[in-house]
Amino acid sequence: MMGERTTSISPVQQMLASGTGALLTSVFVTPLDVVKIRLQAQQRPFHQALACGSASWAGVSRPSKWKCFLYCNGLMDHIYVCRNGTSCSSWYAAPTHFSGTLDAFVKITRHEGLRSLWSGLPPTLVMAVPATIIYFTCYDQLRDALRFSLGFQGNHVPLLAGGLARLGAVTVISPLELVRTKMQSRRLPYSELRVCIRSAVAQDGVLSLWRGWGPTVLRDVPFSALYWFNYELVKAYLCEQARTPHANFSISFTAGAVSGSIAAVLTLPFDVVKTRRQIQLGEMDTLGGVSSRTRTSTWLIMKEIWADLGYRGLFAGFMPRVIKVAPACAVMISTYEFGKAFFQKMNLDRERLGS
């Protein structure tokens, strides 16, 4: 089971399967995050958030007209930049009062329309879907190359392939996501993309496009390595228990949820640091291009959290992260495996007809 080759489908078919999975995952998970953001906004109203300016760990104390918060579509975390009076604040700070999660779902649907549950989704998909396609396709290609071309065997193969695939995806997408945040904060159309990149390079150099790459890699690479390691093990175990040579939808779904939960818990301290670092970078960009010399390092942020809150601070948001990650991983991997199985069957049918 662990040595089964999956490249009987083409890389293009793998990309189609992962792209479909990415879209379905974002459609399923985004409403959960929109409701979470709206509930948080209710506890800390938009005008209060604006008055607070930047957090103390950002090293910037002057008040800001901007508010940065994290928005997750189930595939990636994105910085959303809002300014009082812009279209962003219209859904972030709508006046409806919610008594809880279920009440928020009902009231948002009733008063603002069903589409409001997917507020802010389209711009993030421009980055998230290509990143997911690169990541999943690279994982399968690397895993099979390690096993069948280089002759590596054992449980470390998914660990290595998962880490390398995520490293590649983050490196490709990181500068694009940074530019997207800059463009959103300056309210520039995508036609101004080249101008935005050129100004960023002129101001801080080429490497500034990968600002925030470090904390993202520190979270995402270990997460991906652990996720694929556990996923392949759990999938093989469930297939053995079910006495089936191939994983069906329910097996892939269960294995994805279990492995995603384990990886989410083990990498939680890096997620806490990455969240702070990502918001810090977003606020620095919106505060008029604060020099990169004022940036706080990843390890310094971790030490500050430990000094202020102890180990509990590094494991803050345990349940929300698991609740978000487990279904996202389950939907993504089961849809991806289903898509690959569909293309494998289609290719086999073509071969039979052609012979």
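Above: the structure in question.
What counts, and where the lines are drawn
- Residues numbered from 1 in each chain as written.
- Predicted model: local features only at pLDDT ≥ 70, side-chain atom pairs only at ≥ 80, totals over all residues.
- Heavy atoms only, no water.
- Helix = DSSP H or I, 4+ residues; strand = E, 2+ residues; numbered from the N terminus.
- Contact = heavy atoms within 4.5 Å.
- Core = buried A, V, L, I, M, F, W, Y, C linked by side-chain atoms within 4.5 Å.
- Buried < 20%, exposed > 50% of the residue type's maximum accessible area, 1.4 Å probe, protein only.
- Salt bridge = Lys/Arg side-chain N within 4 Å of Asp/Glu carboxyl O.

Asker: So what about the environment of alanine 131? Which residues, and what values?
Answerer: Here alanine 131 is to be found in helix 5 (residues 121-149). Distance in space between the C-alpha atoms of alanine 131 and alanine 22 is 9.4 Å, their sequence separation being 109 residues. The contact partners of alanine 131, leaving out residues within four places of it in the chain, are Met76, Ala169 and Ile173.

Asker: I'd like a description of the nonpolar core, backed by residues and values.
Answerer: Core analysis: the largest hydrophobic core is formed by 38 residues, its most contacted members being Tyr135, Phe136, Phe223, Tyr227, Trp228 and Ile333. Contributions of two or more residues to this core are made by helix 1 (11-43), helix 5, helix 6 (156-185), helix 8 (213-242), helix 9 (249-266) and helix 13 (318-354). Here this core gets 11 residues from one element, more than from any other, and that element is helix 5. Not counting chain neighbours up to four residues away, the residues in contact with phenylalanine 136 comprise Ser18, Trp228, Met332, Ile333 and Tyr336.

Asker: Go over the pattern of salt bridges with me, naming the residues and quoting the values.
Answerer: Throughout the structure, instances matching the rule amount to 11 salt bridges. A salt bridge links glutamate 337 to lysine 340, with the nearest nitrogen and oxygen atoms 3.4 Å apart. One end of the pair is glutamate 337 and the other is lysine 340, both in helix 13 and three residues apart, which spans about a single turn. For the residue pair glutamate 337 and lysine 340, the accessibility class agrees, reading buried in each case. Among the ionic pairs, aspartate 349 bridges to lysine 345, the shortest N-O distance being 3.3 Å. Of this pair, aspartate 349 and lysine 345 both sit in helix 13, separated by four residues, roughly a single helical turn. Taking relative accessible area as the criterion, aspartate 349 reaches 28% and is therefore assigned partly exposed. Overall, lysine 345 belongs to the exposed group, its relative accessible area being 53%. Connected through salt bridges with shared partners, the residues Asp140, Arg143, Asp144, Glu232, Lys235, Glu337 and Lys340 form a single ionic network.

Asker: Tell me about the side chain of serine 18, and name the residues and values.
Answerer: Here serine 18 lies in helix 1. Look past the residues within four positions of serine 18 in its chain and what remains in contact with it is Thr132, Ile133, Phe136, Thr137, Met332 and Tyr336.

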